[in-house]
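Remarks on the overall topology
Single-letter residue listing:
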Amino acid sequence: MLLEMKHASKTFRASRGSGPVHAVKDATLQARPGEFVAIVGESGSGKSTLARMLLGLIPASSGGIELDGVLLAGMSRSELRHYRRSVQAVLQDPAGSLNPRKTVRRAIGEIVRLHRIASGRAAVDEKVMQVLRLVGFDQAETVLDRYPHEVSGGQRQRVLIARAIVLDPKIIVADEAVSALDASVKAGVLRLMNDLKERLGIGYVFITHDLPVVKKVADYVYVMKSGEIVEEGTKEKIFSDPDHPYTKTLLAASPVLEVIDQR
Ligand SMILES: Nc1ncnc2c1ncn2[C@@H]1O[C@H](COP(=O)(O)OP(=O)(O)OP(=O)(O)O)[C@@H](O)[C@H]1O
Ligand SMILES: [Mg+2]
């Protein structure tokens, strides 16, 4: 499976007092199962806009997204359903991505029902517990009836990952998914994501401004600046021998890169 963005641009219309915003300009990238692709760049460089296009949440102004050569914008209803299952989102939480009034059982269970992965209370519960165990809740039954505010930030992020993988996605688009977590919790969630890559073959498009995180987990890196991808390469290349002046600046401005490595 191959997910591609081909020469995609996104321009937001002019609003009162300002001209149009060229949030993403001519971006081309590839993502595949089993590969950890990171997108880095400063605030406002267009990372979230690119993620929203990849997830089909907003249309590209020009260029497009393809899954195995089929253009997202031209997909039939059933192709689109397949796309939405194959390419899942895990977004930054600050409690926003989970409905505060739904227990973990309900938040994941309703997706199981909606997509007819299982039916009947016992079977749905079993499926929910199965994905909770996959994301590291060894005693899944103890979190089933908790509300989002009754679990920690790191656990909430695991619940979000569980909710994404219940659909058996091939690629997860994660926008600042660990940025709000403190260092040890962050390391745990990253280990989990890496583990799911190895065990389930999940691929990631992982968006972050956090270079130590990229250094720890990425296989391949795209660097964005002012809406453009200015450099791409393997993690080793980007960190040891960057070409673009902007990448060099980004690396120089980053906090000590060894911090996470020592864990
Ligand atoms: N819906 C919108 N309407 C108008 N402009 C927008 C919209 N969404 C984003 N933008 C603009 O597009 C540019 C890129 O924004 P985007 O959110 O993609 O950046 P980002 O790299 O994700 O930043 P951050 O690291 O702060 O999350 C910014 O100038 C932003 O103000
Ligand atoms: Mg963003």
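Report follows, based on the coordinates. Remember, it's a predicted structure, so these values are computed and weren't measured experimentally.

Further remarks concern the site of ligand 1. The full set of residues close to ligand 1 is F12, V21, A23, E42, S43, G44, S45, G46, K47, S48 and T49. Interatomic distance of 2.8 Å between a side-chain N/O atom of S48 and an oxygen atom of ligand 1. A distance of 2.6 Å separates an oxygen atom of ligand 1 from a polar side-chain atom of T49. Burial of ligand 1 by the protein amounts to 60% of the accessible area it has alone, namely 630 Å².

The next point concerns the sheet that holds strand 5 (residues 70-71). Sheet strands line up and pair through hydrogen bonds in the backbone, either parallel or antiparallel. Here we have four strands laid out as an open sheet, ordered 2-1-4-5, and antiparallel in their pairing. Each edge of the sheet is formed by a strand with only one pairing partner; in this case those strands are strand 2 (21-31) and strand 5. Both strand 1 (residues 3-12) and strand 4 (residues 62-67) contribute to a ladder of five bridges, which runs antiparallel. Across the sheet, L3 pairs through a bridge with L67, a residue of strand 4. Packed onto the sheet, helix 1 (residues 47-54) meets strand 1, strand 2 and strand 4 and runs at close to 120 degrees relative to strand 1. Of the strands in this sheet, strand 1, strand 4 and strand 5 are in contact with helix 2 (residues 77-86), which crosses strand 4 at around 80 degrees.

The strand order across the open sheet built from six strands is 6-7-8-3-9-10, with neighbouring strands paired in mixed fashion. Across the chains shown, the open sheet's two edge strands, defined by having one partner strand only, are strand 6 (87-91) and strand 10 (228-234). Averaged over all pairs of adjacent strands, the angle between their axes in this sheet comes to 20 degrees, without regard to strand direction. Inspection of the sheet shows strand 3 (residues 36-41) paired to strand 9 (residues 220-225) by five bridges, in the parallel sense. For V37, the partnering residue across the bridge sits in strand 9 and is Y220. This element, helix 2, spans strand 6 and strand 7 (171-175) of the sheet and lies at about 45 degrees to strand 6.

Time to look at the nonpolar core. The biggest cluster of nonpolar side chains holds 43 residues, and the ones touching the most others in it are I108, L132, I161 and F206. Elements represented by at least two residues in this core include exactly helix 3 (104-114), helix 4 (121-134), helix 5 (153-165), strand 7, helix 6 (183-200), strand 8 (203-208) and helix 7 (211-217). Per-element accounting of this core gives the leading share, six residues, to helix 5. Discounting residues that sit within four places of it in the chain, I161 has contacts with V90, V135, V189, L192, M193 and L196. With 27 residues, the next largest nonpolar core counts L3, I58, I65 and V173 among its residues.

Along the chain, the position of K235 falls in helix 8 (residues 235-240). For K235, a relative accessible area of 15% gives the class buried. For K235 and K216, which are 19 residues apart along the polypeptide, the C-alpha to C-alpha distance reads 9.2 Å. Apart from residues lying up to four places away in sequence, K235 is in contact with V214, K215, K216, A218, D219, Y220 and V221.

Quick look at helix 3 now. For helix 3, the full list of buried residues reads V104, R105, A107, I108, G109, I111 and V112. Buried residues along helix 3 sit against helix 4 and helix 5. Just past helix 3, the residue R116 takes up positive phi, approximately 50 degrees.

Moving on to the packing of helix 5 against helix 6. At a minimum axis distance of 9 Å, the contact between helix 5 and helix 6 shows a crossing angle of 20 degrees. Taken together, helix 5 and helix 6 sit at an angle that is classed as roughly parallel. Helix 5 and helix 6 meet at a crossing whose hand is right-handed. Within the contact between the two elements, helix 5 uses G154, Q157, R158, I161 and I165 and helix 6 uses V185, G188, V189, L192, M193, L196 and L200. Looking at the contact of helix 5 with helix 6, its residues break down into eight nonpolar, three polar and one charged.

Criteria and thresholds
By convention here, each chain's residues receive numbers from 1 onward along its written sequence. Written order decides the labels, with chains lettered from A and ligands numbered from 1. Local features in a predicted model are, by the rule used here, given only for residues with pLDDT of at least 70; side-chain atom pairs are given and counted only at 80 or more, and totals for whole chains, interfaces and linings are based on all residues. Note: side-chain values were computed over all heavy atoms of the structure, leaving out hydrogens and water. Each residue is tested against the molecule or strand, and it is near if at least one of its non-hydrogen atoms lies within 4 Å. For this analysis, a polar contact is any N or O atom pair within 3.5 Å, provided that within protein one partner can donate a hydrogen and the other can accept it, and provided that sequence-adjacent residues contribute only side-chain to side-chain pairs. Shrake-Rupley sampling with a 1.4 Å probe provides the accessible areas, and residues are treated as covered by the protein chains on show and by no other component. One requirement defines pairing of two strands: DSSP has to find at least two bridges between them. Strands are runs of DSSP state E lasting at least 2 residues, helices are runs of H or I lasting at least 4, and numbering of each runs from the N terminus. Contacts are assigned to residue pairs with any non-hydrogen atoms lying within 4.5 Å of each other. Axis definition: a line fitted to C-alpha atoms, over the contacting stretch in the case of helices. Angles run 0 to 180 degrees between N-to-C directions. By nonpolar core we mean a set of buried residues, namely Ala, Val, Leu, Ile, Met, Phe, Trp, Tyr and Cys, connected to one another through side-chain atoms within 4.5 Å. For every residue, the accessible area obtained with a 1.4 Å probe (protein chains only) is divided by the maximum for its type, and the residue is called buried under 20%, exposed over 50%, and partly exposed between those limits. When an angle is under 35 degrees it counts as roughly parallel; over 145 it counts as roughly antiparallel; between 65 and 115 it counts as roughly perpendicular; any other value is oblique. Crossing chirality is assigned from the near helix's rotation relative to the far helix, an anticlockwise turn below a right angle marking it left-handed and a clockwise turn marking it right-handed. Think of it as three bins: nonpolar holds Ala, Val, Leu, Ile, Met, Phe, Trp, Tyr, Cys and Pro, charged holds Asp, Glu, Lys and Arg, and polar takes everything else, Gly as well.

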